[in-house]
2 protein chains.
Amino acid sequence: VGKVVVLAGGVGGARFSLGVRAAFAPGASDGAATVTVVGNVGDDITLYGLRICPDLDTLLYTLGGGIDPEQGWGRDNEVFSVRAELAAYGETGWFTLGDRDIATHLLRTSWLASGLTLSEVTARLARRWRPGVRLVPASDQPVETHVELADGREVHFQEWWVRAHAAIPARRFRFHGAEAAQPAPAVLPALAEADLVLIAPSNPVVSVGAILAVPGIAAALHTTPAPVIGVSPIIGGAPVRGMADACLQAENVPTSAEAVARRYGCRREGGLLDGWLVDLRDRAAAEVLAKEGYRAAAVPLLMHDLDATTGMVRAAAALGATVRG
Amino acid sequence: VGKVVVLAGGVGGARFSLGVRAAFAPGASDGAATVTVVGNVGDDITLYGLRICPDLDTLLYTLGGGIDPEQGWGRDNEVFSVRAELAAYGETGWFTLGDRDIATHLLRTSWLASGLTLSEVTARLARRWRPGVRLVPASDQPVETHVELADGREVHFQEWWVRAHAAIPARRFRFHGAEAAQPAPAVLPALAEADLVLIAPSNPVVSVGAILAVPGIAAALHTTPAPVIGVSPIIGGAPVRGMADACLQAENVPTSAEAVARRYGCRREGGLLDGWLVDLRDRAAAEVLAKEGYRAAAVPLLMHDLDATTGMVRAAAALGATVRG
């Protein structure tokens, strides 16, 4: 394994990427590999004129050691003077803007305004964070996930997720801008040259879903010579974190490791997955899926610490090796 | 006196405006008046995508009780997490951006982007600060003061003033955008209906100068029925604060109360001023100017405290009354 590509959302994708970096670090037992992390941009939003890319920032901060370790997103030792001032102006926003985080948004916004692409901006921000992987956005064009609610209203995903805590039933998700978007320049070459593609245990509908909504990325997964191994974000019938169940419900997909695998589909039958890694608790699902043509294995999937996460990644890589062999 | 208009720059203009507000408050000995402060926008600048209006902010913060009392600009109890983060990204800017101040810039920037005019944005910000005067920008269009340096380079005024501390000789000042700008909607009606127009002891070249560069404002000063009284920013041959001398030098105007009055010009001879208030130390200048047709008086001009400032304003109003009489 020399080149690994990860499709990743925010918190879960970032923690998983820590394990990928460790599993393929120089001197690792599986051998070193260069790692490209393709980050979801569907959660991106413009607030107060600031271009905010929550998942790319979570990836940068997590891999760069600047993340708030408790909540898994946002800066460590964050402070909120700007928010307090906005509140004094009567602007009590539902989106938390920390002062330290705002510096990142200011730079991104002004660099984008100066003509840099989101890929270039992300690379510049990475000069500080030194994530140890190549972090690229799924697309340099805006692709924003919107939610059509049961009452017919359509809101930005962040508004539904953060403001309403996904408590209002969703009818469907739309990826605004996706039709006109292209994969960021590094994405398709990375997939074409990959030795292993990993789908992080991120929200399959809105995080990985928004990546796959960029025209050309799903096709590149179909044609990559590398095995494509997914890691289940569902353990024992519930999302490990986040509210993926609320997203799956909108599609009438059961909240189970098995159903999410089927949603991605088996590559032999036109789907995306060669292999699917589930938690030990979902061993039965692995057995069922194995009969349907998936390479499937059950291992402990909780990302308690870096060792546990690295172990998960090694298990995914081992599953990939059986596809190759 | 029922309606007073003040032309004002930043720190000096804001302190002067405190005195105007007090001198014409309900129950004041001179009688109450509504006060319109026309603020300079020539210092405005866009940094990191934030639209910053230093003079309007200084006026709002000063009149609203939120100013840093030591430096006379910026927010009180300011903190600098964003600046520290920008520095961690390698962005060590010459322009100080405080966290609390940034909230104002974020709101202004996003409100402007949503289509509000600078007048409307300023009125919205004033809902919080309740400045007790009507604060209007000289223009809703960008008018940015640039400096042509002796070496031929041209830089934004802020870069010369803040970054270079006006230590590089200036050759001339240009008001970018002024030709295409119009006075903000409230400016010309306020001047036409005024009972008294005061020119604050602000920098005559770049603060008041940028206001007068907006087409129509100088003409409205010529035609207003109100007396136009200026207050000298120069005391005893030196600027009270700031570096007006460096600006006057570029025009070969001596740094004296007398020379600045002549630069504005006597209204009887096509200039702007009916009257000119100088400090006691410049009594000789007042006598010379009086012979040239100016109403002139010498009083203590230092704005030590609100009482001193209010006294200055009352002296200016008294000078105006002699014009009327």
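Overview of the structure. Residue positions within a chain follow its written sequence, with the count starting from 1. Whichever chain is written first is A, and whichever ligand is written first is 1; the rest continue in order. Residue-level local features of this predicted model are given only where pLDDT is at least 70; pairs of side-chain atoms are given and counted only at 80 or more, and the full residue set underlies all totals for whole chains, interfaces and linings. Only hydrogens and water are set aside when side-chain values are computed; all heavy atoms of the structure are taken into account.

Some thoughts on the side chain of S232 of chain A
Residues and elements named next belong to chain A.
Then step 1. Looking at the element boundaries, S232 is found in the loop between β10 (228-231) and β11 (234-235).
Then step 2. Within the structure, the side chain of S232 is placed 2.7 Å from the backbone oxygen of I234, a separation counted as a polar contact.
Then step 3. Note on definitions: a residue-residue contact is assigned when non-hydrogen atoms from the two residues lie within 4.5 Å. Discounting chain neighbours no more than four positions away, the residues touching S232 are P201, A257, W276, L277, V278 and L301. Helix numbers and strand numbers start at the N terminus; a helix is a DSSP run of H or I with at least 4 residues, a strand a run of E with at least 2. Polar contact criterion, stated in full: a pair of N or O atoms within 3.5 Å, where within protein one must be able to donate a hydrogen and the other to accept it, and residues adjacent in sequence count only if both atoms are side-chain atoms.

Some thoughts on the environment of G209 of chain A
Residue and element names in this part refer to chain A.
Then step 1. Mapping G209 onto the fold places it in helix α8 (residues 208-212).
Then step 2. Relative accessible area serves as the criterion here: at 10%, G209 is assigned to the buried category.
Then step 3. Here the alpha-carbon distance between G209 and G42, two residues 167 residues apart in the chain, equals 8.7 Å. With a 1.4 Å probe rolled over the protein chains alone, any residue whose accessible area is under 20% of its type maximum counts as buried; one over 50% counts as exposed, and the rest are partly exposed.

Re the sheet that holds strand β9 (residues 196-199) of chain B
Residue and element names in this part refer to chain B.
Then step 1. One requirement defines pairing of two strands: DSSP has to find at least two bridges between them. Ordered in space as β5-β2-β1-β9-β10-β13-β14, the seven strands form an open sheet in which the pairing is parallel. Across the chains shown, the open sheet's two edge strands, defined by having one partner strand only, are β5 (134-137) and β14 (295-299). For this sheet the average axis-to-axis angle between neighbouring strands, irrespective of direction, equals 20°.
Then step 2. An axis is simply a line fitted to the C-alpha atoms; with a helix, the fit covers only the stretch in contact. Between two such axes, the angle follows the N-to-C directions and lies from 0 to 180 degrees. Sheet strands touched by helix α1 (residues 11-23): β1 (3-8), β2 (34-39), β9 and β10 (228-231). Its angle to β1, the strand with the most contacts, is close to 165°.
Then step 3. Of the strands in this sheet, β13 (275-279) and β14 are in contact with helix α12 (residues 283-291), which crosses β14 at around 170°.

Points about the relation of the copies chain A and chain B
Then step 1. The two copies are related by a screw operation: chain A maps onto chain B through 180° of rotation and 0.0 Å of translation along the axis, at an RMSD of 0.0 Å. Such a turn and shift between the copies fits a two-fold axis. The rotation axis passes nearest to the C-alpha of D99 of chain A in chain A, at a distance of 3.5 Å.
Then step 2. Take the interface residues of chain A: 100% of them recur as interface residues in chain B, which is what a same-surface contact looks like. The least-squares superposition of copies is restricted to C-alpha atoms, and to residues with a pLDDT of at least 70 in both copies.

Points about the packing of aromatic side chains
Then step 1. The rule is short: rings of Phe, Tyr and Trp, with Trp giving its six-membered ring, pair when the centres are within 6.5 Å, and they are stacked under 30 degrees, edge-to-face over 60, tilted in between. Inspection of the entire model under this criterion finds 16 aromatic pairs over all chains.
Then step 2. Plain terms: the ring middles of W129 of chain A and Y89 of chain B are 6.3 Å apart, the flat faces sit at 80° to each other, and that makes the pair edge-to-face. You can see W129 of chain A sitting in helix α5 (residues 118-129) and its partner Y89 of chain B sitting in the loop between α3 (81-88) and α4 (99-113), one on each of two chains.
Then step 3. Relative accessible area serves as the criterion here: at 7%, W129 of chain A is assigned to the buried category.
Then step 4. For Y89 of chain B, a relative accessible area of 11% gives the class buried.
Then step 5. These aromatic residues form a ring-pair network of at least three members: F157, W160, W161 and F173 of chain A.
Then step 6. Its end group placed over the ring of F80 of chain A, R83 of chain A keeps NZ or CZ at 4.3 Å from the ring centre. Charge-over-ring contacts are defined here by two conditions on Lys NZ or Arg CZ: a distance within 6 Å of the ring centre and an angle within 35 degrees of the ring normal.

Don't take any of this as a statement about function, it's just geometry.
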